Amino acid sequence: MESNQMKSIIEGLLFASGDEGLEAKQIAEALDVERSEVVKHLRELQQTYMVEQRGMQIVEWAGSFQMTTIPEHVSYFQKLAISPTRASLSQAALETLSIVAYRQPVTRADIEEIRGVNVDRAVHTLVAKGLIQDIGRADLIGRPILYGTTKQFLDYFGLGSIRELPDSSDWEDVVKLEQETKLLFERLDNRQLTIDDVNEK
Amino acid sequence: MESNQMKSIIEGLLFASGDEGLEAKQIAEALDVERSEVVKHLRELQQTYMVEQRGMQIVEWAGSFQMTTIPEHVSYFQKLAISPTRASLSQAALETLSIVAYRQPVTRADIEEIRGVNVDRAVHTLVAKGLIQDIGRADLIGRPILYGTTKQFLDYFGLGSIRELPDSSDWEDVVKLEQETKLLFERLDNRQLTIDDVNEK
Amino acid sequence: MSIKYKLDAFEGPLDLLLHLIDKNELDIYDIPIVQITEQYLGYIREMPQLELEVTTEFLVMAATLLSIKSKMLLPKPPVLEEMSDLPEEDPRFELVQRLLEYRKFKDLADRLKDRELARSLIFSREPIDFNQYAPEQVEDPLKGLSLADIMFTFQNVVKRTIVKNRVAKIQRDERSVKDQINKLLGYFQKEGDRMMFSAILEDECERENIVVTFLAILELMKMRRITCFQHELFEDIVIQYRGGGETVDGIESDEINY
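Read on for a plain summary of the structure. Nothing here was measured: the structure is a model prediction, and the numbers come from that model.

## Considering the sheet that holds strand E3 (residues 238-241) of chain C
Residues and elements named next belong to chain C. Taken together, the 3 strands give an open sheet; going across it, the order is E1-E3-E2, and neighbouring strands pair in antiparallel fashion. The open sheet has two edge strands with one neighbour each: strand E1 (194-196) and strand E2 (226-229). In this sheet, neighbouring strand axes are inclined to one another by 25 degrees on average, regardless of whether the strands run parallel or antiparallel. With 3 bridges joining them, E1 and E3 adopt antiparallel strand pairing. Counted as the bridge partner of Met-196 is Val-238 from E3.

Dropping the structure here:
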């Protein structure tokens, strides 16, 4: 493998491996080359990033190499953090929050069953924002985490307890009623057709 | 601000935003410069990454710029188990999605007429995956829901805008489609900021 | 390979027809309808009990094919000139249009599939947590949201789930619309010509009964036995009896007998 190509692959691996970083040994195994060669390329990459004033840096921390942000950019991250174009809660997060609020305590699997999609990210975001929290373990195989809403959630909406949420069972009934009414109306529609036919004759 | 410095910051911001991506407008606000200047630097960065065989690339999807991996490296990511796996869409979902994409806005009945089968399940799957959404009501009996593609649709297929759909250049109704898409994007306002790009050209 | 497996491989009747056309290398603009109908029916005949809806879709197409076939057998007017395209009078015209249209989208779906694959080879990384850079006065993530937003979001999510899991559930009617009409007419005889909708419902708290009562009122309106007023949306409905006797007999009774 050419040196440039190897450097490019190592760079890509560091980028994609995120916060966990990669050990030189792991990279060497993936590329099927000597560890020493990987270390050499890593050092060169570190150097290049510095000399060429790249927007990221490659750091070595506890034996792992990581691609990270540059401290000098913090003021720009701050501007992005408060930028109004950054939606504070995504639709996925909002939906997940509403399910936790009404169905707590719930496991991740419960939420996924309702939303029909993977919810790892949304749950992570909501925990990070302090809106939902780990409130115990379900008595199921694997003892999955049970989630519930936090005090911050209640405080924001001025609720004394979760029982003060607008009654969701009413709403579920309304939805069911809507569907049953629709079915009945479909039947009615059919009847009306025959009535019209009769009247026409 | 010096040009090199600005490029470095833009690179850092793209790295930090990961798969959320950033619109040129957001970067311009964070840097307090003109949007056009940001776009110029982004294009140059894209070029540099390619010429210098970097381990990442900068793509423009759904009006957002993102730093991503390079497809040729995928086998190495797989060896290190850092490439996310995602379920691909069923044939029914793909056919339904192609009709929504090229004919939007469409009702469920429009889709059924073309496919000749019931499409409830496919439409539900696509809505749940956030690839299509309710964008209004048709002025017809029963006021059926009109569906259109989402920003996530563009991201899912790696498209800059709806005009980059395969074959759309020799699509018979391409002009009509563009007009409708423009209207659609205007209606969706903030969520579909590719309209900026449309206006610019 | 079982027929069920074969039919599952098709996205519907149009897909099956396209498959037969391709397999036999037929000209889509000049489909030999007798041959294709025969082959199509061959698949359908051996179709095991699929879902009712799927079966229906395939059967509707079978009926269409048979109808085209019978029209093709009618004597044709003399052909004046050679025509490459099918004239609109050709019984196959509409079917061919549908097949062409469907094939176009099937091709586009294939293109999307290619793009999906290409895109799946590319990924990015999790964004950094920008919140750590937010200034001291952390903006509440719930800002701008009301309890109603939470409630409506939940309602929509549940609705989606219910629709997904819905099996057509039709309960046996506890009470027929006809019974309810007669009961209402009885009310008017006893209680006077004017009643509030809410008063009628007072002892009708069962959901099914509310709906049946509502249907009964609609039927009575149609029969011009009552008139309804409502001052504003969601206000109570005033029902005015217009006379005509205590029972509904005669010609209408069949239509409301459900």
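And the narrative resumes.
## With respect to the interface of chain A and chain B
Listed by partner, the interface residues are 34 residues for chain A and 35 residues for chain B. The junction of chain A with chain B conceals about 3,000 Å² of combined surface from both sides, 65% of it contributed by carbon and sulfur atoms. Three residues, Phe-15, Tyr-76 and Leu-80 of chain A, lead the burial of chain A against chain B; their summed loss comes to 21% of the area buried on that side. Applying the counting criterion to the chain A and chain B interface returns 3 salt bridges. Here Arg-54 of chain A and Glu-52 of chain B are joined by a salt bridge, their closest N and O atoms 4.0 Å apart. At the surface where chain A touches chain B, the tally comes to 9 residue pairs in polar contact (both at pLDDT 80 or more). Among the elements of the structure, helix H1 (3-17), helix H2 (24-31), strand E3 (64-69) and helix H4 (74-82) of chain A are those that each provide at least two residues to the side of chain A that touches chain B. Among the elements that take part in the side of chain A that touches chain B, H1 of chain A stands out by supplying 9 residues, more than any other. In terms of residue class, the side of chain A that touches chain B is made up of 15 nonpolar, 12 polar and 7 charged.

## A few points about the packing of aromatic side chains
The relative placement of two aromatic rings is captured by the distance of their centres and the angle of their planes. If you walk through the whole model with that rule in mind, you get 7 aromatic pairs over all chains. Seen from their ring centres, Tyr-102 of chain A and Phe-154 of chain C are 4.5 Å apart, and the 20 degrees between their planes marks the pair as stacked. Taken together, the residues span two chains, with Tyr-102 of chain A in helix H5 (residues 91-103) and Phe-154 of chain C in helix H6 (residues 147-165). Phe-154 of chain C shares its class with Tyr-102 of chain A; the two are buried.

Quick notes on the rules
Residues numbered from 1 in each chain as written. Chains lettered and ligands numbered in written order. Predicted model: local features only at pLDDT ≥ 70, side-chain atom pairs only at ≥ 80, totals over all residues. Heavy atoms only, no water. Pairing = 2+ DSSP bridges. Helix = DSSP H or I, 4+ residues; strand = E, 2+ residues; numbered from the N terminus. Axes fitted to C-alpha atoms, helices over the stretch in contact; angles between N-to-C directions. Contact = heavy atoms within 4.5 Å. Buried area = accessible area lost by both parts, 1.4 Å probe. Salt bridge = Lys/Arg side-chain N within 4 Å of Asp/Glu carboxyl O. Polar contact = N/O pair within 3.5 Å; in protein donor to acceptor, adjacent residues only side chain to side chain. Nonpolar A, V, L, I, M, F, W, Y, C, P; charged D, E, K, R; others polar. Phe/Tyr/Trp six-rings, centres within 6.5 Å; stacked < 30°, edge-to-face > 60°. Buried < 20%, exposed > 50% of the residue type's maximum accessible area, 1.4 Å probe, protein only.

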